[in-house]
Amino acid sequence: MTRLFTTFCLAAIVSLCGAQTATLEDSLTWGNITSQQVEYIMSKAAMGHSTAQYALGRCYFNGYHVAKDRYKAVEMYGAAAEKEQSEALYYLGFCYKYGFGVVKSDARATQLFQKAVKWFEADLEDNNYAPFYLAMCYNYGFGVEVDHAKSQQLYEKAAIMGNSQALVNLALDYQHGNNVGKDLAKAVELFEKAAEVGNPQAQLSLGYCYLDGEGKPVDRVKAREWFQKAADQGLSAAEKALQQM
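Small disclaimer: the values here were computed from a predicted structure and weren't measured.

1. Topic: the pattern of salt bridges
Part 1 of the reasoning: All chains considered together, the criterion is met by eight salt bridges.
Part 2 of the reasoning: Residues Glu25 and Arg58 are paired through a salt bridge, measuring 3.1 Å at the closest nitrogen-oxygen approach. On the criterion of sequence distance, the pair formed by Glu25 in helix H2 (residues 24–30) and Arg58 in helix H4 (residues 50–62) is long-range, its members being 33 residues apart.
Part 3 of the reasoning: Classification of Glu25 as buried rests on a relative accessible area of 4%.
Part 4 of the reasoning: Here the salt bridges do not stand alone but share partners, grouping Lys97, Lys104 and Asp106 into one network.

2. Digging into the confidence of the model for the protein
Part 1 of the reasoning: Summing up the model confidence of the protein, the mean pLDDT is 90 and the portion of residues at 70 or higher is 91%.
Part 2 of the reasoning: Predicted confidence for residues 1–20 stays below pLDDT 50, and this span has 32 contacts to residues more than four positions away or in other chains.

3. Some details on helix H9 (residues 148–160)
Part 1 of the reasoning: Its 13 residues give H9 an end-to-end C-alpha distance of 18 Å, which sits within 8% of 18 Å, the value for a rise of 1.5 Å per residue.
Part 2 of the reasoning: Those residues of H9 that sit buried are Ser151, Gln152, Leu154, Tyr155, Ala158 and Ala159. Looking down the long axis of H9, one finds its buried residues gathered within 160° of arc, a one-sided arrangement.
Part 3 of the reasoning: Looking at the buried positions of H9, the neighbouring elements they touch are helix H8 (129–140) and helix H10 (164–176).
Part 4 of the reasoning: Just past H9, the residue Gly162 takes up positive phi, approximately 105°.

4. A look at the packing of helix H12 (residues 200–212) against helix H13 (residues 220–232)
Part 1 of the reasoning: Where H12 meets H13, the axes come as close as 8 Å, and the angle between the chain directions of the two elements is 165°. Taken together, the axes of H12 and H13 are roughly antiparallel relative to one another. Considering how the two elements wind past one another, H12 and H13 form a crossing that is left-handed. The residues of H13 that touch H12, namely those facing Pro200, Gln203, Leu204, Leu206, Gly207, Tyr208, Tyr210 and Leu211, are Arg220, Lys222, Ala223, Trp226, Phe227, Lys229 and Ala230.
Part 2 of the reasoning: In terms of residue class, the contact of H12 with H13 is built from ten nonpolar, two polar and three charged.

5. So, the side chain of Asn32
Part 1 of the reasoning: Relative to the helices and strands, Asn32 is located in the loop between H2 and helix H3 (35–46).
Part 2 of the reasoning: There is a polar contact of 3.1 Å between the side chain of Asn32 and the backbone oxygen of Gln233.
Part 3 of the reasoning: Not counting residues up to four positions away in its chain, the partners in contact with Asn32 are Ser27, Pro200, Gln233, Gly234 and Leu235.

Cut-off values and rules
- Residues numbered from 1 in each chain as written.
- Predicted model: local features only at pLDDT ≥ 70, side-chain atom pairs only at ≥ 80, totals over all residues.
- Heavy atoms only, no water.
- Salt bridge = Lys/Arg side-chain N within 4 Å of Asp/Glu carboxyl O.
- Helix = DSSP H or I, 4+ residues; strand = E, 2+ residues; numbered from the N terminus.
- Buried < 20%, exposed > 50% of the residue type's maximum accessible area, 1.4 Å probe, protein only.
- pLDDT = per-residue confidence, 0-100.
- Contact = heavy atoms within 4.5 Å.
- Expected span 1.5 Å × (residues − 1).
- Arc of directions from axis to C-beta.
- Axes fitted to C-alpha atoms, helices over the stretch in contact; angles between N-to-C directions.
- Parallel < 35°, antiparallel > 145°, perpendicular 65-115°, else oblique.
- Left-handed = near helix turned anticlockwise from the far one by under 90°.
- Nonpolar A, V, L, I, M, F, W, Y, C, P; charged D, E, K, R; others polar.
- Polar contact = N/O pair within 3.5 Å; in protein donor to acceptor, adjacent residues only side chain to side chain.

If you want it as structure tokens, here you go:
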């Protein structure tokens, strides 16, 4: 029941805010959520909708069209976590792990991560963000033992299911040699796949690959093109990149 309600709420928020292909979770992850979406999320959160409460927590945590407030973020995550909203459990655990807006507690963080892992595992076949978040749990040891091979498998599963952010995370691993051999050509290949389906973070990263000559010959024209694509989607970091060229 919780997962069905969450899926419905996500779809409703995206549909009513005019999004076409990106989900609400995509917008929260990419950092290009609109003020219209945030207003709608706030209205639904006030009504007690768990997914909206979780999403509002992300907005407060990052300062998406609201004043950045980690305490308010924890409050919203906590309200959604009480309803066993899986992403809220994950991010509330993250706050306890690192002391963001709450007194640091590894024990409480582990408890929350373990609950989140249970929900992600139950939802692996239906939601492409479930394997994505579970991959991060295995990558960093959140509620499970660190297992980088398992993490990569889950990122790949998420990517096959259509999660372009999983491609970005894999690309970053290859770009920096995190848990895999450094391979700039592979990183660029993955950035390109994600960029072509509209992921603005991938477009930004691909722009820097062209600008800095990482895995691609230096090409400032191509760099500007990709920066512009990301900026057109509201990614502020891409707008800054354009200003600095």
